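So the chains spell out like this:
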Amino acid sequence: MLLAVDCGNTNTVFSIYDGEKFVGMWRTATDWQRTADQYYVWLNTLMRLQGIEADITDMIISSTVPRVVFNLRVLADRYFNTRPLVVGKPECLLPVAVRVDEGTAVGPDRLVNTVSGFDAHGGNLIVVDFGTATTFDVVAEDGAYVGGVIAPGVNLSLEALHQAAAALPHVDISKPENVIGTNTVACMQSGVFWGYVGLVREICTRIKAERGVPMKVISTGGLAPLFQQSADLFDAYEDDLTMHGLQIIHKYNKENGTDA
Ligand SMILES: Nc1ncnc2c1ncn2[C@@H]1O[C@H](COP(=O)(O)OP(=O)(O)OP(=O)(O)O)[C@@H](O)[C@H]1O
Ligand SMILES: CC(C)(CO)[C@@H](O)C(=O)NCCC(=O)O
Ligand SMILES: [K+]
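Here we summarise the structure given alongside this text. Quantities reported herein were computed from a predicted structural model and do not represent experimental measurements.

Basis of the calculations
- Residue numbers here run from 1 along each chain, matching the order of that chain's written sequence.
- Each chain gets a letter, beginning with A, and each ligand a number, beginning with 1, in the order they are written.
- Per-residue local features of the predicted model are confined to residues with pLDDT of at least 70, and side-chain atom pairs are confined, for both listing and counting, to 80 or more; whole-chain, interface and lining totals are unaffected and use all residues.
- With hydrogens and water stripped out, all remaining heavy atoms of the structure feed into the side-chain values.
- Numbering of helices and strands runs from the N terminus, with a helix taken as a DSSP run of H or I at least four residues long and a strand as a DSSP run of E at least two residues long.
- In this description the radius of gyration comes from C-alpha coordinates, and the expected globular size is given by 2.2 Å times residues to the power 0.38.
- Contact criterion: two residues are considered in contact whenever any of their non-hydrogen atoms come within 4.5 Å of each other.
- The method behind every accessible area is Shrake-Rupley, applied with a 1.4 Å probe, and residues are considered shielded solely by the protein chains displayed.
- In this tally, Asp and Glu contribute negative charge and Lys and Arg positive charge; neither His nor the terminal groups of the chain are included.
- Here the site of a charge means atom NZ of a Lys, CZ of an Arg, CG of an Asp or CD of a Glu.
- In this text, buried Ala, Val, Leu, Ile, Met, Phe, Trp, Tyr and Cys residues form a nonpolar core when linked through side-chain atoms within 4.5 Å.
- Categorising residues by exposure relies on relative accessible area from a 1.4 Å probe, with only protein chains included: less than 20% of the type maximum marks a residue as buried, more than 50% marks it as exposed, and the intermediate range marks it as partly exposed.

Here we look at the overall build of the protein
Each helix and strand counted, the protein has seven helices and ten strands in total. Taken over C-alpha atoms, the radius of gyration comes to 19 Å for the protein, in line with the 18 Å a tight globule of 260 residues would show. Based on the C-alpha atoms only, the size of the protein along its principal axes is roughly 60 × 45 × 35 Å. Contacts in the protein between residues at least 24 apart in sequence constitute 57% of all its contacts with a sequence separation of at least 6. Split by element, the accessible area of the protein, about 13200 Å² in all, is 51% carbon and sulfur. Where the 19 positive side-chain charges of the protein centre and where its 30 negative ones centre are 2 Å apart.

Now the structure itself:
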């Protein structure tokens, strides 16, 4: 069985697959200080609670936080007796090209989204991921990652307002009824919600103009559905883009890698 780990700056998601079959998924806050032993106890407890018996033989990691990889490698070695594939490392092959400025370390989550988006929708694609940051990944006709856009995340923007302004409270995002807020919370939600609708629309329009070809726009990440409801921003929403991409990359390396 495969253990796929998607480690973002805020949350880390563990998924287990038996071949193509989904077995389970668990989420925890990202914490680089968590040890291999702590991961194992946590994972094992949750699996037992759900009556899941998993014989993990393979592991793949995408981590936007370099420091957590060490303990995840120890987890793989000590508890599953396997060497993990780490997206972004030279030994982890990708089924698509990466065409960016030399020396750029593209976020592994963006590479995984590119692979997954291309698999599901083909090329000439924009993948919008609403995570800690809001990222736009531009996928060429042949599936190559050719760059993109990094904007502050939705929750990060709201949190920044709260942190920087003494009279602004902590607010959760939601779609406000009106653009004109008649209380502080509604004003903040409007600024961030409609601001992001505008940001997404403008950036996608400009990407399409720069590429000069028709492009499909797909969204992923926890907040994507909220924006999907509101406006005609996306052609499709993908719930499970990153995990699906990790499965594809794992399979590709099994078939083409040096360890195959
Ligand atoms: N239905 C929802 N309503 C409001 N917020 C949601 C909903 N579903 C998920 N979220 C929140 O959306 C945010 C984005 O989730 P997602 O898992 O895509 O990224 P993340 O964990 O914040 O970022 P990263 O992947 O960079 O760690 C999270 O803060 C999550 O708590
Ligand atoms: C932009 C984030 C934080 C989004 O998770 C991540 O992809 C990252 O750390 N990227 C590194 C820089 C880049 O992708 O060009
Ligand atoms: K993510």
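Right, picking up where we left off after that structure.
Section: the nonpolar core
Of all hydrophobic cores here, the largest spans 26 residues; its most connected members are Ile-126, Phe-130, Phe-136, Val-154, Ile-173, Phe-227 and Phe-234. Of all the elements in the fold, those that place two or more residues in this core are β6 (125-130), β7 (133-139), α4 (154-164), α5 (184-211) and α6 (224-230). With nine residues, α5 is the single largest residue contributor to this core. When neighbours within four sequence positions are excluded, Phe-234 is seen to be in contact with Val-128, Phe-130, Val-200, Val-217, Ile-218, Ser-219, Phe-227 and Gln-228. Counting 22 residues, the second-largest nonpolar core is a separate cluster that includes Leu-3, Leu-43, Met-47 and Leu-75.

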